[in-house]
Amino acid sequence: MGADHHQHVKVPGGRIHTTRTGAGPDLVLLNAGSMDLRMWEPNLPTLTARHRVTRYDDRGVGHHSSRATEPWSCTADLLAVLDAWGIPRATLVGSSDGGRKALDFAVQHPDRVDRLVLVGCALHLPDPDPVERAAMDALLNALAPRSEAVARGDLAAAITADLDVWAARATPAQRAWLARIYAGSPDFLLGHPAEPLEPARPAITHLTEVQAPTLILVGEHDTPYTHRCAARISAGVPDARRRVVEGADHFINLTRPDLFHAHVLSPSPSTDRPLSA
């Protein structure tokens, strides 16, 4: 796998902790909103065998990136990371909220994106149809215990409630590991001192402008709302491919790493068979 190379990237109002390892075409991993760059550690030996892999922590996430002190842009932060490492183009692999960031970036900077892999991509659906609305309401109901825990400032209870929704197929050891990562990123659950700016042209309303080949992975046991997000994206992005990952929950890279690796490392549509056991 090789040694990690670290760099702190200066951004308006703070700095971002980044790391890079491996050799080959550039692959950039974008964390789920509740996670820091450690979420990809089980995948690094496989991914770095064929790619140069860059990871980074968002503002206020993990132990090294600074908290935001002024409004900030997720897209501008990703661009700063690419520029700091001298990466002209990359494959972007985004988990959950990281998928939304990857999509927004692909709309605003199509010349910097070779390929998109959206893993359990979660984003706000404008003008939801009745099926999407029902799935959204069900998700909000499932997350109500988390909201109640956040309201009383109980981070531990909020983490447990969040994992009950998103990590349904994780083993006890995996849940404990995810909980430790959550605990290092309280801003996601309790709120940022300064919230990120909305992009001027959010991808969800400009999906037809995405030029990069796009693969959408959604876990069989992910929430119905995540499945509806996947369907909306695949219907809007030209020539996008959508696959349901058997046996996986929201954290596909953790609960079905074998299938996650197979599709990240096999970009050709001719080899992209439906994911199953």
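See the structure printed just above.
All values reported here derive from a predicted model rather than from experimental measurement.

S.K.: So what about the overall build of the protein chain? Which residues, and what values?
M.R.: Secondary structure summary: the protein chain contains 11 helices and eight strands in total. Within the span of the protein chain, comprising 277 residues, buried residues form 54% of the whole. Surface summary for the protein chain: the accessible area is close to 11,500 Å², and the carbon and sulfur share equals 55%.

S.K.: Can you explain the pattern of salt bridges? Please cite residues and give values.
M.R.: Taken as a whole, this structure holds 16 salt bridges when the rule is applied. The closest approach of N and O atoms between arginine 175 and aspartate 164, which form a salt bridge, is 3.1 Å. Remark: aspartate 164 occurs in helix H6 (residues 155-166) and arginine 175 occurs in helix H7 (residues 172-183); sequence separation between them is 11 residues. Under the relative-accessibility criterion, arginine 175 is labelled partly exposed at 24%. According to the relative accessible area criterion, aspartate 164 is partly exposed, its value standing at 48%. Among the salt bridges present, the one from arginine 201 reaches glutamate 209, with a minimum N-O distance of 2.1 Å. For glutamate 209, a relative accessible area of 31% puts it in the partly exposed group. Among the charged side chains, a salt-bridge network with shared partners connects Asp58, Asp97, Arg100, Lys101 and Asp104.

S.K.: Any chance you could break down the side chain of serine 95 for me, citing the residues and the numbers?
M.R.: Mapped onto the elements, serine 95 comes out in strand E5 (residues 90-95). Apart from the residues lying within four places of it in its own chain, the contact partners of serine 95 are Leu30, Asn31, Ala32, Met39, Trp40 and Val119.

S.K.: Account for helix H2 (residues 74-85), naming residues and giving values.
M.R.: With 12 residues, H2 extends 17 Å between its outermost C-alpha atoms, agreeing within 8% with the 16 Å of an ideal straight helix rising 1.5 Å per residue. Of the surrounding secondary structure, the elements contacted by the buried residues of H2 are strand E1 (5-11), strand E2 (14-22), strand E3 (26-30), strand E4 (52-56), E5 and helix H3 (97-108). Near the N-terminus of H2, the side chain that reaches the backbone nitrogen of threonine 75, with its oxygen 3.3 Å away, is that of serine 73.

S.K.: Before we move on, could you go through the state of the cysteines and cite the residues and values that matter?
M.R.: Applying the stated rule across the entire model yields zero disulfides. Not engaged in a disulfide, the cysteine cysteine 229 finds its nearest cysteine sulfur in cysteine 121; these two sulfurs lie 6.8 Å apart.

Calculation notes
Residues numbered from 1 in each chain as written. Predicted model: local features only at pLDDT ≥ 70, side-chain atom pairs only at ≥ 80, totals over all residues. Heavy atoms only, no water. Helix = DSSP H or I, 4+ residues; strand = E, 2+ residues; numbered from the N terminus. Buried < 20%, exposed > 50% of the residue type's maximum accessible area, 1.4 Å probe, protein only. Areas by Shrake-Rupley, 256 points an atom, 1.4 Å probe, with all protein chains shown as cover. Salt bridge = Lys/Arg side-chain N within 4 Å of Asp/Glu carboxyl O. Contact = heavy atoms within 4.5 Å. Expected span 1.5 Å × (residues − 1). Polar contact = N/O pair within 3.5 Å; in protein donor to acceptor, adjacent residues only side chain to side chain. Disulfide = S-S within 2.5 Å.

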